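Spelled out, the chains give:
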Amino acid sequence: MERGRGRWGSVSRGMLPLLALHTVSEYCRLERKPPVTAGLLAANTIIYLRPSFLDPFLPTITEVWFNPHLILKYKDLKRFFLSALYHVNESHLVYNMLSLLWKGIQLETSMGSAEFASTVAALVAMSQGITLLLAKSLLLFFDYERPYYKEYAVGFSGVLFAMKVILNAQSDEYTYVHGLLVPTRYAAWAELILIQMFVPGVSFLGHLGGILAGLLFLRLKASYSGANPLGNIIRGLTHALNWPLRFVKCLFRSQPRISGRGTVGGRQTRNTSQLWRCEACTFDNSGWLSVCEMCGTSRTDDGLLSLSSTDEIQDLSLEELRRRRIQRFGR
């Protein structure tokens with residue numbers, strides 16, 4: 001998250017086309033395109049660009065600044081939730097979205113889209129809630145009112161810190177954080193300190209709240225063995241929204257062609273519920289047929305006419321089998 005400083009929406013530095021190019025490049029090389037990550041990228045970017053047709057519906061940034069004092073005083077849930085989707089300037093947006101692109105692809109690919117969507121929703125609520133709780137605690141116990149309790153901040157970085165904690169929780173490797181080699185599982189803590197030291201105007205409580213939200217999420221997930229209820233709700237909504245598309249596909253789906261052709265001998269490669277093998281000549285017949293198309297032998301569980309002996313059929317040549325089939329079926 002970034003603290004409020006100056007006018008929102010400064011002059012474009014030409015970074016958005018680079019973000020778009022990088023996003024398209026990443027998605028083109030993926031076999032499975034993570035839709036939730038793409039939706040989050042699009043939502044944050046559209047809110048920042050604020051196209052004219054959405055202007056009447058989108059609150060301004062002054063209406064959604066994350067401010068603990070105003071949230072608690074007026075019970076302003078709009079500031080609580082929407083502030084994570086707003087950004088101060090273009091560099092703020094692009095830096096967060098590049099981070100979201102990498103982390104989102106990793107998590108959504110491993111979790112699945114419904115689980116990832118529920119995780120993001122939980123992390124937004126948890127990171128914002130912990131940040132609010134920290135600001136109120138500092139006011140009550142240390143009388144820090146101006147620096148934290150009445151601070152204005154926006155941005156998705158709190159959720160990104162939580163994602164980093166989740167991604168690196170089980171790692172035993174080392175990674176570089178702004179040139180400093182640290183254990184990967186502690187990379188979020190190192191980044192919290194280094195960003196606070198070298199990048200002015202960032203929200204320390206917002207980033208710290210994100211880290212604590214990631215740790216809390218991992219603890220809750222480890223202690224809860226049941227299915228994720230929010231994930232189940234999202235899966236149900238996705239299933240309902242996809243129903244019309246599945247219905248149209250069923251209408252235009254081609255009917256299976258019934259054919260008795262199969263393979264003689266060899267290993268059976270199709271579904272056994274669709275084929276049956278003649279015990280006499282080993283010809284694989286369609287499940288729709290009750291009599292072997294090659295030699296005329298009936299299936300074992302059918303009471304139809306069969307040849308007198310399987311030994312006899314094994315001694316016959318392939319040409320004789322075809323001749324008998326023609327005599328039996330007239331083709």
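All values derive from a computational prediction rather than experimental measurement.

Trainee: Quick rundown of the side chain of Asn96? Include the residues and the values.
Mentor: By the secondary structure assignment, Asn96 is in helix H6 (residues 90–111). Since its relative accessible area comes to 2%, Asn96 is described here as buried. Beyond its immediate sequence surroundings of up to four residues, Asn96 is in contact with His87, Gly155, Phe156, Ser157 and Leu160.

Trainee: Can you explain the pairing of strand E3 (residues 174–177)? Please cite residues and give values.
Mentor: In the sheet, E3 pairs with strand E4 (residues 180–183) via four bridges, with the strands oriented antiparallel. Bridging from a neighbouring strand, Thr175 pairs with Val182 of E4. Counting the residues that bridge the hairpin from E3 to E4 gives two residues, and of these His178 lies at a positive phi of roughly 55 degrees.

Trainee: With reference to specific residues and values, describe the nonpolar core.
Mentor: Counting residues in each nonpolar core, the largest one holds 29 residues, and the members touching the most others are Met97, Leu100, Val120, Leu123, Phe156 and Met163. Sorting the residues of this core by element identifies helix H1 (15–28), helix H2 (35–49), H6, helix H7 (113–142), helix H9 (157–168) and helix H11 (204–223) as the ones contributing at least two each. For this core, the element with the highest residue contribution is H6, accounting for seven residues. Once you skip the residues sitting within four places of it in the chain, Val120 turns out to touch Leu40, Phe156 and Met163.

Trainee: Go over the pattern of salt bridges, please, and point to the residues and values.
Mentor: Evaluated as defined, the whole model comprises five salt bridges. Between Asp55 and Arg50 there is a salt bridge whose closest N-O contact spans 2.7 Å. When the shortest N-O distance is used, the salt bridge between Asp76 and Arg79 registers 3.1 Å.

Trainee: Explain the UniProt feature "transmembrane region" (unreviewed entry) in the protein to me, and be specific about the residues and the numbers.
Mentor: Under the local residue numbering, the UniProt record ascribes the feature "transmembrane region" (unreviewed entry) to residues 122–142 and 187–218. Annotated as residues 122–142, this span is 100% helix and 0% strand, and its ends, taken at the C-alpha atoms, are 29 Å apart. Annotation note: span residues 187–218, helix share 84%, strand share 0%, distance between end C-alpha atoms 16 Å.

Trainee: Give a detailed account of the environment of Ser286, specifying residues and quantitative values.
Mentor: Among the structural elements, Ser286 can be located in strand E6 (residues 284–286). Linking Ser286 and Leu275, residues eleven residues apart in sequence, is a C-alpha distance of 4.7 Å.

Trainee: Tell me about H1, and please be specific about residues and values.
Mentor: An α-helical segment advances 3.6 residues per turn. Residues three or four places apart therefore align on the same side. Counted at 1.5 Å a residue, the expected span for H1 with its 14 residues is 20 Å, and the 20 Å between its end C-alpha atoms agrees. If you check which residues of H1 are buried, you get Leu16, Leu19, Thr23, Glu26 and Tyr27. Summarising the axial view, the buried residues of H1 lie within an arc of 95 degrees, below the 170-degree limit, and thus occupy one face. When the buried face of H1 is taken as reference, the exposed residues oriented beyond 90 degrees from it are Pro17, Leu18, Leu21 and Cys28.

Trainee: How would you summarise a nonpolar patch on the surface if you had to cite specific residues and measurements?
Mentor: Where nonpolar side chains cluster on the molecular surface, the patch consists of Leu140, Phe141, Phe142 and Tyr144 and spans about 510 Å² of accessible area. Along the chain, the position of Phe142 falls in helix H7.

Trainee: Go over H2, please, and point to the residues and values.
Mentor: Between its terminal C-alpha atoms H2 stretches 21 Å, which fits the 21 Å expected from 15 residues at 1.5 Å a residue. Looking at H2, one finds that the buried residues are Thr37, Leu40, Leu41, Asn44, Thr45, Ile47 and Tyr48. Looking down the long axis of H2, one finds its buried residues gathered within 165 degrees of arc, a one-sided arrangement. Looking at the packing, one finds that the buried side of H2 touches H1, H6 and H7.

Trainee: Could you give an account of the packing of H2 against H6, with specific residues and numbers?
Mentor: Where H2 meets H6, the axes come as close as 9 Å, and the angle between the chain directions of the two elements is 170 degrees. Classified by the angle their axes make, H2 and H6 are roughly antiparallel. Between H2 and H6, the residues in contact are Pro35, Val36, Thr37, Leu40, Leu41, Asn44, Thr45 and Tyr48 and Glu90, Leu93, Met97, Leu100, Leu101, Gly104, Ile105 and Glu108, respectively. Residue composition of the contact of H2 with H6, grouped by class: ten nonpolar, four polar and two charged.

Trainee: So what about unusual backbone geometry? Which residues, and what values?
Mentor: Unlike most non-glycine residues, Lys75 shows phi in positive territory, near 50 degrees. Residue position: Lys75 is located in the loop between helix H4 (68–74) and helix H5 (77–82). Residue Lys75 is classed as exposed on the basis of its relative accessible area of 68%. The phi dihedral of His178 is positive, around 55 degrees, even though this residue is not glycine. Relative to the helices and strands, His178 is located in the loop between E3 and E4.

Cut-offs used in this document
Just so you know, the residues in each chain are numbered from 1, in the order the chain's sequence is written. In view of the model being predicted, local features appear only for residues whose pLDDT reaches at least 70, and side-chain atom pairs are presented and counted only at 80 or more, with totals across whole chains, interfaces and linings using the full set of residues. Each side-chain value is derived from all of the structure's non-hydrogen atoms; neither hydrogens nor water enter the calculation. In this text, helices come from DSSP runs of H or I with a minimum length of four residues, and strands from runs of E with a minimum of two, each type numbered from the N-terminal end. Type-normalised accessible area, obtained with a 1.4 Å probe on protein chains alone, sets the label of each residue: buried when under 20%, exposed when over 50%, and partly exposed for intermediate values. Residues count as neighbours in contact if any of their non-hydrogen atoms are within 4.5 Å of one another. Any two strands with at least two DSSP bridges between them are considered paired. We define a nonpolar core as any set of buried Ala, Val, Leu, Ile, Met, Phe, Trp, Tyr and Cys residues linked to one another through side-chain atoms lying within 4.5 Å. Each reported salt bridge corresponds to a side-chain nitrogen of Lys or Arg within 4 Å of a carboxyl oxygen of Asp or Glu. UniProt positions are given in the numbering used here, feature names are shortened, and annotations may be inferred rather than shown by experiment. Expected helix span is computed as 1.5 Å times (number of residues minus one). Arc, as used here, means the arc of the directions from the helix axis to the C-beta atoms. A patch consists of residues exposed above 30% relative accessible area that lack any salt bridge, with like charges linked at up to 9 Å and nonpolar side chains (Val, Leu, Ile, Met, Phe, Trp, Tyr) linked at up to 5 Å. Each accessible area is a Shrake-Rupley estimate made with a 1.4 Å probe; only the visible protein chains count as cover when residues are assessed. Interaxial angle, 0 to 180 degrees, is taken between N-to-C directions of lines fitted to C-alpha atoms, where a helix line uses only the stretch in contact. Angle categories: roughly parallel below 35 degrees, roughly antiparallel above 145, roughly perpendicular from 65 to 115, and oblique for all the rest. Each residue gets one of three labels, nonpolar for Ala, Val, Leu, Ile, Met, Phe, Trp, Tyr, Cys and Pro, charged for Asp, Glu, Lys and Arg, and polar for the others, Gly among them.

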